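In case you want the letters, here they are:
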Amino acid sequence: MGTIVCQTCNSTIGHFEDEKVTTLYGKCTECVHEEMDDNE
Ligand SMILES: [Zn+2]
């Protein structure tokens, strides 16, 4: 099973089907909003 982890706050965003254990990094909705706020 694969896991998607937020690269900013390390919280688990979700899971996806995979033959092996895999970790993908992304951003959760909160961290996406924070980054947008920083740019303004
Ligand atoms: Zn996050």
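Residues numbered from 1 in each chain as written. Predicted model: local features only at pLDDT ≥ 70, side-chain atom pairs only at ≥ 80, totals over all residues.

S.K.: So what about unusual backbone geometry? Which residues, and what values?
M.R.: Unlike most non-glycine residues, Asn-10 shows phi in positive territory, near 65°. Checked against the element boundaries, Asn-10 lands in the loop between β1 (2–6) and β2 (12–16). (Helix = DSSP H or I, 4+ residues; strand = E, 2+ residues; numbered from the N terminus.)

S.K.: Break down the sheet that holds β1 for me, with residues and values.
M.R.: On the basis of which strands lie adjacent, the open sheet formed by three strands has the order β2-β1-β3 and mixed pairing. Every other strand in the sheet has two partners, leaving β2 and β3 (22–26) as the edge strands with one partner each. With strand direction ignored, the average angle separating the axes of adjacent strands in the sheet is 25°. Pairing geometry for β1 and β3, over five bridges, is parallel. The residue of β3 that forms the bridge with Cys-6 is Gly-26. (Pairing = 2+ DSSP bridges. Axes fitted to C-alpha atoms, helices over the stretch in contact; angles between N-to-C directions.)

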